[in-house]
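These are the residues of each chain, in order.
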Amino acid sequence: MLHTVANSPTRFSSGARVAVLLPLPLVGVYDYRVGGEGAAVGDFVAVPLGRREMIGVIWGGGCGEVDERRLKPILRRLDCPPLPKVVRDFVDWVAAYTLSPPGAVLKMAMSVPEAIEPARGQVACRRVADPPPFKATAARARVLDAMLGLPPLALADLAREAGVGSAVVRGLIAAGVLETVDLPAPPAFARPDHARPGPVLSPAQAHAADALAGGLEAGFSVTVIDGVTGSGKTEVYFEAVAAALAKGRQVLVLLPEIALSAQWLGRFAARFGVLPAEWHSELSDARRRDTWRSVATGAARVVVGARSALFLPYPELGLIVVDEEHDGAFKQEEGVLYHARDMAVVRGMLGGFPVVLASATPSLETLANVQAGRYRRLHLPDRHAGAAMPAMVAVDLRRDPPPRGRWLSPPLVRAVEEALAAGEQAMLFLNRRGYAPLTLCRGCGFRLHCPHCTAWLVEHRRQGRRLVCHHCGYAIAQPPECPQCGADDSFAACGPGVERIAEETAALFPDARVALMASDTVGGPAAAAEIVRRIEAHEADVVVGTQIVAKGYHFPLMTLVGVVDADLGLEGGDLRAAERTHQLLSQVAGRSGRAERPGRVLLQTWEPDHPVIRALVAGERDAFIASEAEARRAAGMPPYGRLAALIVSGPDAAEVEEYCRRLARAAPRADGLVVLGPAPAPLALLRGRHRRRFLVKAKRSIALQPEIRAWIAKVDGGRQIRVKVDVDPYTFL
Ligand code: ADP
Ligand code: ZN
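Rules of the game
Residues numbered from 1 in each chain as written. Chains lettered and ligands numbered in written order. Predicted model: local features only at pLDDT ≥ 70, side-chain atom pairs only at ≥ 80, totals over all residues. Heavy atoms only, no water. Helix = DSSP H or I, 4+ residues; strand = E, 2+ residues; numbered from the N terminus. Rg over C-alpha atoms; globule rule 2.2 N^0.38 Å. Contact = heavy atoms within 4.5 Å. Areas by Shrake-Rupley, 256 points an atom, 1.4 Å probe, with all protein chains shown as cover. Lys, Arg positive; Asp, Glu negative; His and termini not counted. Charge placed at Lys NZ, Arg CZ, Asp CG, Glu CD. Near = heavy atom within 4 Å. Polar contact = N/O pair within 3.5 Å; in protein donor to acceptor, adjacent residues only side chain to side chain. Phe/Tyr/Trp six-rings, centres within 6.5 Å; stacked < 30°, edge-to-face > 60°. Buried < 20%, exposed > 50% of the residue type's maximum accessible area, 1.4 Å probe, protein only. Lys NZ or Arg CZ within 6 Å of the ring centre and 35° of its normal. Pairing = 2+ DSSP bridges. Axes fitted to C-alpha atoms, helices over the stretch in contact; angles between N-to-C directions. Domains from an automatic or database assignment. Expected span 1.5 Å × (residues − 1). Donors = N, O, S within 2.8 Å, 3.2 Å for Na, K, Ca; no water. Tetrahedral: all angles 85-135°; square planar, octahedral: opposite > 155°, others 65-115°. Core = buried A, V, L, I, M, F, W, Y, C linked by side-chain atoms within 4.5 Å. Parallel < 35°, antiparallel > 145°, perpendicular 65-115°, else oblique. Nonpolar A, V, L, I, M, F, W, Y, C, P; charged D, E, K, R; others polar. Salt bridge = Lys/Arg side-chain N within 4 Å of Asp/Glu carboxyl O. Arc of directions from axis to C-beta.

### What about the overall build of the protein?
Here comes step 1: Along its length, the protein carries 20 helices and 32 strands.
Here comes step 2: Taken against the 2.2 N^0.38 rule, which gives 27 Å for 733 residues, the C-alpha radius of gyration of the protein at 29 Å falls within 12% of a compact globule.
Here comes step 3: For the protein, contacts bridging at least 24 residues in sequence account for 75% of all contacts bridging at least 6.
Here comes step 4: Put simply, the protein shows about 32100 Å² of open surface, and 53% of that area lies on carbon and sulfur atoms.
Here comes step 5: Separation between the mean location of the 87 positive side-chain charges and that of the 78 negative ones in the protein comes to 5 Å.

Printed below as a string of structure tokens:
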């Protein structure tokens, strides 16, 4: 029954055999027979699957081996615009590249199955003009009273409003006193007005904007806006958005953390008169459904979203902007493992339209593509309106250590004092959630760790005192005694998280208003927007936060950024540790001094001579990138070589080990390809599963996917073993 789609016609008449792709992680498509009205490729259809009914998409002509007599019929075609060819091609492309079942990718494109059928308009109750005589009761009178001055309400809402059971309302309808009317579906998304004037651009901005808008005529291209923080990259790509809208195309803007993007949304609304359609995990079900449907019908013209917005069924997409393209949040680490920046480029290529990547710290991958001439680069070297780049200095913790049990060094404390005295704001950055990353027994040194993962438990104090595993969410209250030595009340918090820095800040500056910003303390998008508003309105003096404070915010009074532990990201030392730390610290630093008042940045470090710290302090980004690139080239690592990881996991350690031994024996052998491993993963235990890793490293000229597919197919692991392939891995845990 399973097979792949052959070349085939795109329209099918009644009785024809078609291949339907279902949004399930299966290997191929299933054959069905077309019903009376005919069907076309791309149609959404309901089909029987076992005893269930499922919605799938006609992917092409059928050619399976299923006997004609056993072929099941398509139950019905759904009233939805067909999935466009370019989206189907994209699904196939992503599946092949990531070695995922096409159905698993289709599932991302059909993430709101309820939206595939049109929303039924709400039914509401209204008084008839000339009611027949009817029996009046107190309850009925309450209903009629409640309706005065209100628009027609849905039956349940009306009953609630009147404080009666819904049977009373139904009785009034039956008696002919009330009638029901269809309410039109609420207007989906207002059209952004591309003709509204934007700000007057500086010559450099105008040059970049013209280059982008000009590129819209020329089909597929990738352009990198490489501009320092505060140079106006957003204003520049808004011009490209306006130009694409003027041409009648849909636009997608990908942001790494859309739930934290209130400022961005405000700027979009100021520029285009309305809010764009948002797409992220915090949407309500109704909103998600409206959005999916409006994208499919073309009613939504601009979508701003997290990486999954790439898989929406745009019929007229004509521009994708990937803002903060270097950001690690674009890599999806669960389910289908893909990098949204790279897949955005693929989507542009398949759709024949331009893709814009914006960053103050472009990734090495992107810069290598610029160097190879595949991507075009537009440079914005200066901040808008003459604002200066902040001065960066290292605080050498060997010379100026903080007092015992504290984390802010005397120079940083002085700098915060000065900023506060000048009526300005300061930001203290530490990329670690919680109160303390490690809790140990003072008596015997026992460390509290997660029973399901290779990880220490992190103490959190804000939402009740708890110890939490950051990998699986396991949480406990602090035990009263040490499980190892039995000592009472012997646990000590080791090291700082942001909560502890906030506590220290409050103790040092009792008059300052301290705001804490970390993904687990902020809550939803509305709460995040509220904190940002408070900072903008100068209702906070010191902001203490994790990497979520680094994201694109513009706070005019923020003149000081203190990095509590600049060495943090350099530990562990995976492939991109230096690059990532450089990017992150540049981004945080970029929050400082963005308006008239000059900014400064203090980096607390134990290693002021580390190349990353030296590059930041000297402002030598390009030299740093060049040396990183050289090291990667020498090692044959991405972007100069290909890399894929295999993560093998299972509930039984010995079984995982045995399977890995067999995999190792069957490993592909080819010139320019090496298989490293198996090695226990750094997270050797995750959610109760034992894990081992292989790394496959190859020259760029070798296509890894066929090698890996053939390799895994050779060795059967049985039911308990799971093999996850991560093409272009970004985490090595
Ligand atoms: P980036 O995205 O490069 O960090 P932004 O686009 O956020 O920079 O611009 C920084 C600030 O300068 C924002 O408040 C923005 O509105 C303002 N700005 C940038 N360019 C202009 C311009 N040409 N006219 C007026 N304001 C501008
Ligand atoms: Zn855990």
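### Here's the deal with the site of ligand 1
Here comes step 1: Around ligand 1 sit 16 residues, and of these Val 200, Gln 205, Gly 230, Lys 233 and Arg 267 come closest.
Here comes step 2: At 2.7 Å, a side-chain N or O of Lys 233 approaches an oxygen atom of ligand 1.
Here comes step 3: Contact distances for ligand 1 include 2.6 Å between an oxygen atom and a side-chain N or O atom of Arg 267.
Here comes step 4: In isolation ligand 1 exposes 560 Å². Once the protein is present, 81% of that is buried.
Here comes step 5: Per-element tally for the shell around ligand 1: the top contributor is helix α7 (residues 233–246), with three residues.

### Concerning the packing of aromatic side chains
Here comes step 1: The full count for this structure, using the stated rule, is twelve aromatic pairs.
Here comes step 2: Their ring planes at 75° and their centres at 5.9 Å tell us that Phe 44 and Trp 292 sit as a pair that is edge-to-face. Taken together, the residues Phe 44 in strand β5 (residues 44–49) and Trp 292 in helix α9 (residues 285–297) connect sequence positions 248 residues apart. You'll find Phe 44 and Trp 292 in the same group, each marked buried.
Here comes step 3: Ring centres of Trp 93 and Tyr 97 lie 5.4 Å apart, and the angle between their planes is 15°; this geometry places the pair in the stacked category. Of the two residues, Trp 93 and Tyr 97 are both situated in helix α1 (residues 85–98); the distance of four residues between them amounts to about one turn of the helix.
Here comes step 4: Taken together, the ring pairs connect Tyr 237, Phe 238, Trp 264, Phe 268 and Phe 272 into an aromatic cluster.
Here comes step 5: If you follow Arg 576 out to its NZ or CZ, it ends over the ring of Tyr 730, 3.7 Å from the centre.

### Section: the sheet that holds strand β30 (residues 673–686)
Here comes step 1: The strand order across the open sheet formed by four strands is β30-β31-β29-β32, and the pairing between neighbours is antiparallel. One side of each edge strand has no neighbouring strand; the edge strands of this open sheet are β30 and β32 (722–727). Ignoring which end each strand starts from, the neighbouring axes of this sheet average 20° apart.
Here comes step 2: Note that β30 and strand β31 (residues 689–699) share eight bridges and pair antiparallel. Paired with Val 674 across the strands is Lys 697, a residue of β31.
Here comes step 3: The strands touched by helix α20 (residues 704–714) are β29 (641–650), β30, β31 and β32; relative to β29, the strand with the most contacts, the crossing angle is about 25°.

### Some details on the sheet that holds strand β19 (residues 425–429)
Here comes step 1: Taken in spatial order, the six strands make up an open sheet running β18-β28-β27-β19-β26-β25, and their pairing is parallel. Strand pairing shows two members of the sheet lacking a second neighbour, β18 (391–396) and β25 (514–517), which therefore form its edges. Adjacent strand axes in the sheet meet at a mean angle of 20°, parallel and antiparallel pairs treated alike.
Here comes step 2: Packed onto the sheet, helix α12 (residues 410–421) meets β18, β19, β26 (542–545), β27 (558–563) and β28 (600–605) and runs at close to 160° relative to β28.
Here comes step 3: Docked against the sheet, helix α17 (residues 611–618) engages β18 and β28, running at close to 140° with respect to β18.

### Section: the domain arrangement of the protein
The accessible area lost on association of the parts is a frequent measure of interface size.
Here comes step 1: In terms of domains, the protein is made up of domain 1 (11–110), domain 2 (128–178), domain 3 (203–384), domain 4 (387–432 + 496–629), domain 5 (436–495) and domain 6 (642–727).
Here comes step 2: Between the C-alpha centres of domain 4 and domain 6 the distance comes to 39 Å.

### Brief notes about α7
Residues spaced three or four apart along an α-helix point in a common direction, a consequence of the helix completing one turn every 3.6 residues.
Here comes step 1: Counted at 1.5 Å a residue, the expected span for α7 with its 14 residues is 20 Å, and the 20 Å between its end C-alpha atoms agrees.
Here comes step 2: Counting buried positions along α7 yields twelve of 14 residues, so the element is predominantly enclosed.
Here comes step 3: All of the buried residues in α7 are Lys 233, Thr 234, Glu 235, Val 236, Tyr 237, Phe 238, Ala 240, Val 241, Ala 242, Ala 243, Ala 244 and Leu 245.
Here comes step 4: Following α7 by one or two positions, Gly 248 adopts a phi angle in the positive range, close to 80°.

### Section: the coordination of the zinc ion (ligand 2)
Here comes step 1: Within the protein, the atoms that donate to the zinc ion (ligand 2) are Cys 450 (SG), Cys 453 (SG), Cys 469 (SG) and Cys 472 (SG), at distances of 2.3 to 2.4 Å.
Here comes step 2: The site at the zinc ion (ligand 2) holds four donor atoms, and with the angles between them running 106 to 115°, its shape is tetrahedral.
Here comes step 3: On the primary sequence, the residues serving as donors to the zinc ion (ligand 2) are separated as C-x2-C-x15-C-x2-C. Here Cys 450 is found in the loop between β20 (438–441) and β21 (458–460), whereas its partner Cys 469 is found in the loop between β22 (466–468) and β23 (475–476), with 19 residues between them in sequence.
Here comes step 4: On the basis of relative accessibility, which here comes to 2%, the residue Cys 450 falls in the buried class.

### As for the nonpolar core
Here comes step 1: Counting 59 residues, the largest nonpolar core has Phe 44, Trp 292 and Leu 310 as the members making the most contacts within it.
Here comes step 2: A per-element tally of this core places α1 first, with six residues.
Here comes step 3: When residues are assigned to domains, this core turns out to be shared by domain 1 (11–110) and domain 3 (203–384), each giving three or more.
Here comes step 4: Not counting residues up to four positions away in its chain, the partners in contact with Trp 292 are Phe 44, Cys 80, Ala 109, Met 110, Ser 111, Val 112, Ala 115, Ile 116, Trp 279, Leu 312 and Pro 313.
Here comes step 5: Core analysis: the next-biggest nonpolar cluster, separate from the first, contains 37 residues, Leu 364, Ala 540, Ala 550 and Val 612 among them.

### Thoughts on the packing of helix α11 (residues 364–371) against helix α18 (residues 621–635)
Helix packing for two helices is described by the angle between their axes and how far apart those axes are.
Here comes step 1: In the contact formed by α11 and α18, the axes pass within 11 Å of each other and the chain directions differ by 90°. With respect to α18, the axis of α11 lies roughly perpendicular. Counted together, Leu 364, Glu 365 and Leu 367 of α11 and Ile 625, Glu 628, Ala 629 and Arg 632 of α18 form the full contact between these two elements.
Here comes step 2: Residue classes in the contact of α11 with α18 are distributed as four nonpolar, no polar and three charged.

### Points about the pattern of salt bridges
Here comes step 1: Enumeration over the complete set of coordinates arrives at 38 salt bridges.
Here comes step 2: Salt-bridge contacts for Glu 235 lead to Arg 267; the nearest nitrogen and oxygen are separated by 2.8 Å. Residue Glu 235 is located in helix α7, and its partner Arg 267 is located in helix α8 (residues 262–272); the two are separated by 32 residues in the primary sequence.
Here comes step 3: Of the charged contacts in the structure, one is a salt bridge between Arg 461 and Glu 503, with a shortest N-O distance of 4.0 Å.

### Things to note about helix α15 (residues 525–536)
Here comes step 1: The terminal C-alpha atoms of α15, which comprises twelve residues, lie 16 Å apart, in line with the 16 Å expected from a rise of 1.5 Å per residue.
Here comes step 2: Within α15, burial applies to Ala 528, Ile 531, Val 532 and Ile 535. Projected down its long axis, α15 shows its buried positions confined to an angular sector of 100°, all on one face.
Here comes step 3: Buried residues in α15 make contact with α8, β19, β25, α14 (519–522), β26 and β27.
Here comes step 4: Looking one or two places after α15, you find His 538, whose phi comes out positive at around 55°.

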